[in-house]
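Inside the fold
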Amino acid sequence: MEIHILASGSTGNAAVFKFGDTAILLDAGISARRIERGLAEVGMRAGDLDGVLLTHEHNDHIKGLDVFIRRHHIPVYTRPGTWEKLPCRHGFPPECCLEIEQEFNVRNVGITAFDISHDASDPVGFSFIYGGKKVVMATDLGVVTAGVEKALEYADAVVLEANHDLDMLENGPYPRFLKQRIKSSSGHLSNINAGRLLSRINCREGMRVFLAHLSQHNNHPDLAEKTVRRFLIDSGHEVGKDIILHRTAPDHRTSLAL
Ligand SMILES: [Zn+2]
Ligand SMILES: [Zn+2]
């Protein structure tokens, strides 16, 4: 199993998960050219993808979708409510527009879509089961719900949002309404709440956690990692052994083979 986070952050999100010879692109929030370049870096081409999964319709998750799908005709999977918000679907071949239910498969990979609390039409996180391993994509979480917590349990690897530091957000450049939106229960998860979540879930030893979707204005990778680490240590976890933290970046790739 391979995880390649091509880009992560408030400016654009795309990741490739590879399960045996099944390859899935998660979100297409960077340009088609950047997706193609990211695939090439890991020895893949667009034609190797078995599907594109979309979490929701915000621009930082679909920026490159239109061009990428019209160019490569890869099947796209998302919820009906998200399709409705994507006018670009009219330019896609009909067989590329697939509606998902709670449980579905892409080839031999079992996938569960779980609700997330975020101000989009019908946003989802995804958990993947393959070869006895579980990998979870959980970003754009306004608040941690029981469903999110359950999805993360006993995962081998998690891409988890650590969007902002509360002080940086409060003292940062954003207008008040935007600060409120980010902090709200349908906005984004703070470093503190990401740390709290990880410190209390049932986890498998050696769980890999990618700290993802960091705000460029309201967070810093050092701060995100330090905050999450503090919660883990305070709750008796040995960081680097029980839970292994990885950083992600908006402008370069992070890869891991499991
Ligand atoms: Zn969003
Ligand atoms: Zn986002």
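Shown above is the structure to which this text applies.
Structure report, in brief. (Residues numbered from 1 in each chain as written. Chains lettered and ligands numbered in written order. Predicted model: local features only at pLDDT ≥ 70, side-chain atom pairs only at ≥ 80, totals over all residues. Heavy atoms only, no water.)

**Regarding the coordination of the zinc ion (ligand 2)**
Taken together, the protein donors to the zinc ion (ligand 2) comprise Asp60 (OD), His61 (NE2), Asp140 (OD) and His213 (NE2), at separations of 2.1 to 2.2 Å. Coordination geometry of the zinc ion (ligand 2): the four donor atoms subtend angles of 88 to 165° at the metal centre, consistent with an arrangement described as irregular. Mapping the donors of the zinc ion (ligand 2) onto the primary sequence gives the spacing D-H-x78-D-x72-H. A separation of 3.4 Å is found between the zinc ion (ligand 2) and the zinc ion (ligand 1), which are bridged by Asp140. (Donors = N, O, S within 2.8 Å, 3.2 Å for Na, K, Ca; no water. Tetrahedral: all angles 85-135°; square planar, octahedral: opposite > 155°, others 65-115°.)

**A closer look at the sheet that holds strand 3 (residues 22-26)**
Strand order across the open sheet formed by seven strands is 6-5-4-3-2-1-14, with mixed pairing between neighbours. In the strand order of this sheet, the two ends are held by strand 6 (97-99) and strand 14 (254-257), each with one partner. Neighbour-to-neighbour, the strand axes of the sheet open up by a mean angle of 20°, direction not taken into account. Relative to strand 2 (residues 14-19), strand 1 (residues 2-7) runs antiparallel, the two being bridged by five bridges. Paired with Ile3 across the bridge in strand 2 is Phe17. Its contacts with the sheet place helix 1 (residues 32-41) against strand 1, strand 2 and strand 3, and it is angled at close to 145° to strand 1. (Pairing = 2+ DSSP bridges. Helix = DSSP H or I, 4+ residues; strand = E, 2+ residues; numbered from the N terminus. Axes fitted to C-alpha atoms, helices over the stretch in contact; angles between N-to-C directions. Contact = heavy atoms within 4.5 Å.)

**Quick word on the pattern of salt bridges**
Applying the stated criterion across every chain, the model contains 17 salt bridges. The residue Arg200 makes a salt bridge to Glu149 at a minimum N-O spacing of 3.2 Å. Here Glu149 lies in helix 5 (residues 146-152) and Arg200 lies in helix 8 (residues 191-200), a separation of 51 residues in the sequence. A salt bridge links Lys241 to Glu205; the nearest nitrogen and oxygen atoms lie 3.6 Å apart. A residue pair is termed long-range when its members are at least 10 positions apart, and Lys241 in the loop between helix 9 (221-234) and strand 13 (243-247) and Glu205 in the loop between helix 8 and strand 12 (207-212) qualify at 36 residues. Shared partners join several salt bridges into a network, and the residues in it are Asp222, Glu225, Arg229 and Arg247. (Salt bridge = Lys/Arg side-chain N within 4 Å of Asp/Glu carboxyl O.)

**Topic: the side chain of His118**
Inspection of the secondary structure puts His118 in the loop between strand 8 (109-115) and strand 9 (124-130). Given the relative accessible area of 5%, His118 is considered buried. With near-sequence residues (within four places) excluded, His118 lies in contact with His56, His58, Pro123, Asp140, Arg181, Ser186, Gly187 and His188. (Buried < 20%, exposed > 50% of the residue type's maximum accessible area, 1.4 Å probe, protein only.)

**Considering the nonpolar core**
With 28 residues, the main nonpolar core has Leu25, Leu39, Leu49, Val52, Leu65, Phe68 and Ile69 as its most contacted residues. Contributions of two or more residues to this core are made by strand 1, strand 2, strand 3, helix 1 and helix 3 (65-72). If we ignore the near neighbours within four places in the chain, the residues touching Ile69 are Val52, Ile74, Val76, Phe92 and Cys96. Formed by 27 residues, the second largest nonpolar core is a distinct cluster that contains Val158, Leu197, Ile201 and Ala224. (Core = buried A, V, L, I, M, F, W, Y, C linked by side-chain atoms within 4.5 Å.)

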